[in-house]
Each structure stands twice: as C-alpha cells, then as structure tokens.
Amino acid sequence: MNILLHPNYFPSISTYTALLQAATITFEMEDNFQKQTNRNRMYIYSPNGIQLLNIPIKHSKSERQKYKDIKIENAFNWQKIILNH
C-alpha cells in the first residue's frame, strides 16, 4: 500500500496506523498551506485543561503559500512555551 500525507505537527492515531501498513510514504509538499489546521497545531490535556500548542509560521505577502515554502517564526521562544505545558 502506498500513502500520501500532508505533514502535520502531531498526526492522528489513524495516520500512524496507515504509516505502519504502508510500503511507501510520500509527503505532499506542493499543496497550499492551510491556516488553522493541525498542520502546525495540536491540543493537549494539561492540569489547566485543554491547551493549544502552536508552531508559529512566517506568513508571506502572497495569499497562498506552498507547504514546502513555509518558514517557522523564531522571533520569540515558542519552544519554551510548548515545553512548559
């Protein structure tokens, strides 16, 4: 079985199941990046309830960005925020 996936911050269990069964895995990098999806965010349970963890991205001036052209925003220490949750 071959599988084509969009890269995600933290994929679902069904994605991992498909990965284990796949003979070949291809990541779709030519697709347009979609805001407010699980491509750069996920939710976790914490002592404070459900928390959103988000990898910030740099937005381009153009309306659409290819997934392969996305850059991570490192203007602030977002990694420390995620590790503290």
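Scroll up a little and you will see the structure.
Each chain has its residues counted from 1, following the order in which its sequence is written. For this predicted model, a pLDDT threshold of at least 70 governs which residues receive local features, and a threshold of 80 or more governs which side-chain atom pairs are given and counted, while totals over whole chains, interfaces and linings are taken from all residues. Excluding hydrogens and water, the side-chain values take into account all heavy atoms of the structure.

Novice: How should I be thinking about the nonpolar core in this particular structure?
Specialist: The nonpolar side chains of a soluble globular protein tend to be buried, and buried together. Residues M42, L53, I55, W78 and I82 constitute the largest nonpolar core, which totals five residues. In this analysis, two residues are considered to be in contact whenever any of their non-hydrogen atoms come within 4.5 Å of each other. In this view, W78 contacts N54, I55, P56, I72 and E73; residues no more than four positions away in its chain are not counted. Here, nonpolar core means buried Ala, Val, Leu, Ile, Met, Phe, Trp, Tyr and Cys residues that are tied together by side-chain atoms lying within 4.5 Å of each other. Three exposure classes are used, based on accessible area relative to the maximum for each residue type with a 1.4 Å probe and protein chains only: buried under 20%, partly exposed in between, and exposed over 50%.

Novice: Just to check I follow, could you spell out the side chain of Q65 for this structure?
Specialist: A run of DSSP states H or I qualifies as a helix once it reaches four residues; a run of E qualifies as a strand once it reaches two. Both are numbered from the N-terminal end. Examined against the element boundaries, Q65 turns out to sit in the loop between β5 (57-58) and β6 (71-72). The exposure class of Q65 is buried, given its relative accessible area of 12%. Any N or O atom pair separated by 3.5 Å or less is treated as a polar contact, with the protein-specific requirement of one donor-capable and one acceptor-capable atom, and with residues adjacent in sequence counted only for side-chain atom pairs. Engagement of the side chain of Q65 in a polar contact is seen with the backbone oxygen of K58, the distance being 3.5 Å. The contacts of Q65, once residues within four sequence positions are left out, are D31, N32, F33, K58, H59, S60 and I70.

Novice: Where do I start with the pattern of salt bridges in this structure?
Specialist: Where side chains of opposite charge bring their charged atoms close, a pairing between them can arise. Put simply, a salt bridge is a Lys or Arg side-chain nitrogen that is within 4 Å of an Asp or Glu carboxyl oxygen. Counting across every chain of the model gives two salt bridges. For K68, the salt bridge goes to E30, with nearest N and O atoms at 3.0 Å. Taken together, the residues K68 in the loop between β5 and β6 and E30 in the loop between β2 (24-27) and β3 (41-46) connect sequence positions 38 residues apart. Note on K68: relative accessible area 43%, which makes it partly exposed. For E30, a relative accessible area of 43% gives the class partly exposed. The salt bridge partner of R39 is D31, with a shortest N-O separation of 3.6 Å. The class of D31 is partly exposed, set by a relative accessible area of 26%.

Nothing here speaks to function; it is geometry throughout.
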